[in-house]
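# Inside the fold
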Amino acid sequence: MKRIIGIIIFAACLSIKASAQTFDVPVNYRFDKQTNYHLYELDIVKAADWLQKTHWGTETKKTEAVTQFVLKWAQGVPYITVELKPAIMDLADANPQLGFIYMAQYCKYTIQHPDNFNTVDSNVDALKAVIAKYQAEPTRKRDTQVERLIEIDKASQLEEWIKNDFTL
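Residues numbered from 1 in each chain as written. Predicted model: local features only at pLDDT ≥ 70, side-chain atom pairs only at ≥ 80, totals over all residues. Heavy atoms only, no water.

## Digging into the side chain of Lys-108
Stated precisely, the cut-off is as follows: Working definition: helices are DSSP H or I runs of at least four residues, strands are E runs of at least two. Numbering for both runs from the N terminus. Whenever a nitrogen or oxygen atom comes within 3.5 Å of another N or O atom, the pair is scored as a polar contact, on the condition that within protein one atom can donate a hydrogen and the other can accept it, and that pairs from neighbouring residues in sequence are kept only if both atoms are in side chains. Residue contacts are counted whenever heavy atoms from the two residues lie within 4.5 Å of one another.
Along the chain, Lys-108 falls in helix H6 (residues 97-112). Side-chain polar atoms of Lys-108 contact the side chain of Asp-49, separated by 2.5 Å. With sequence-adjacent residues up to four places away left out, Lys-108 is seen in contact with Val-45, Ala-48 and Asp-49.

What follows is the structure, given as structure tokens:
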């Protein structure tokens, strides 16, 4: 009986991981009307998750397509403003992919919290995703700016750093 339960749990875990990795960029997407942006919100959330979980260099063409989809959506969406501040650009100097992680996760958080959106919380969530991706990515380049951010987060000072040094 324990073996059967173990197999079921194992299979469920595999299916959850597989579903997170199966995002496909919508075909023929267009962002020409405000309503179009709302139609793609679930895809943006899935794209953010996919970018977070997919290692750099493993699916380069798909990663480019997903990144372009998120970028085009974020650039035109009229009800979300993603500011790529100098601090974000500094965090993405050595690993430019981290800038897209930030943007995708910021959009995801904003989509998922429409009634209680808070810029500080959105930035905390996006920066924690940047930290997690940096730490999980085997092909990353060492970056002292990100490592400093990791230390700030470990000291539970990320929110304070965002309020004071991130120049909201």
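## Focus: helix H4 (residues 60-76)
In an α-helix, one turn spans 3.6 residues; hence positions three or four apart end up facing the same way. Keep this limit in mind: Take the number of residues in a helix, subtract one, and multiply by 1.5 Å to get its expected span.
With 17 residues, H4 extends 24 Å between its outermost C-alpha atoms, agreeing within 8% with the 24 Å of an ideal straight helix rising 1.5 Å per residue. Where H4 is buried, its residues meet helix H2 (34-39), helix H3 (41-53) and H6.

## Observations regarding the packing of H3 against H6
Formally: Between the N-to-C directions of two axes lies an angle of 0 to 180 degrees, each axis being a line fitted to C-alpha atoms and, for a helix, fitted only over the stretch in contact. Reported orientations rely on four angle classes, namely roughly parallel under 35 degrees, roughly antiparallel over 145, roughly perpendicular from 65 to 115, and oblique for the rest. For a crossing to be left-handed, the near helix must be turned anticlockwise from the far one by less than a right angle; the clockwise case is right-handed. In this classification, Asp, Glu, Lys and Arg are treated as charged, Ala, Val, Leu, Ile, Met, Phe, Trp, Tyr, Cys and Pro as nonpolar, and every other residue, Gly included, as polar.
Where H3 meets H6, the axes come as close as 9 Å, and the angle between the chain directions of the two elements is 140°. Taken together, the axes of H3 and H6 lie oblique to each other. Seen along the crossing, H3 lies across H6 with a hand that is left-handed. Of the residues in H6, those touching H3 at Glu-41, Ile-44, Val-45, Ala-48, Asp-49, Leu-51 and Gln-52 are Ile-101, Ala-104, Gln-105, Cys-107, Lys-108, Ile-111 and Gln-112. Tallied by class, residues from the contact of H3 with H6 come to 8 nonpolar, 3 polar and 3 charged.

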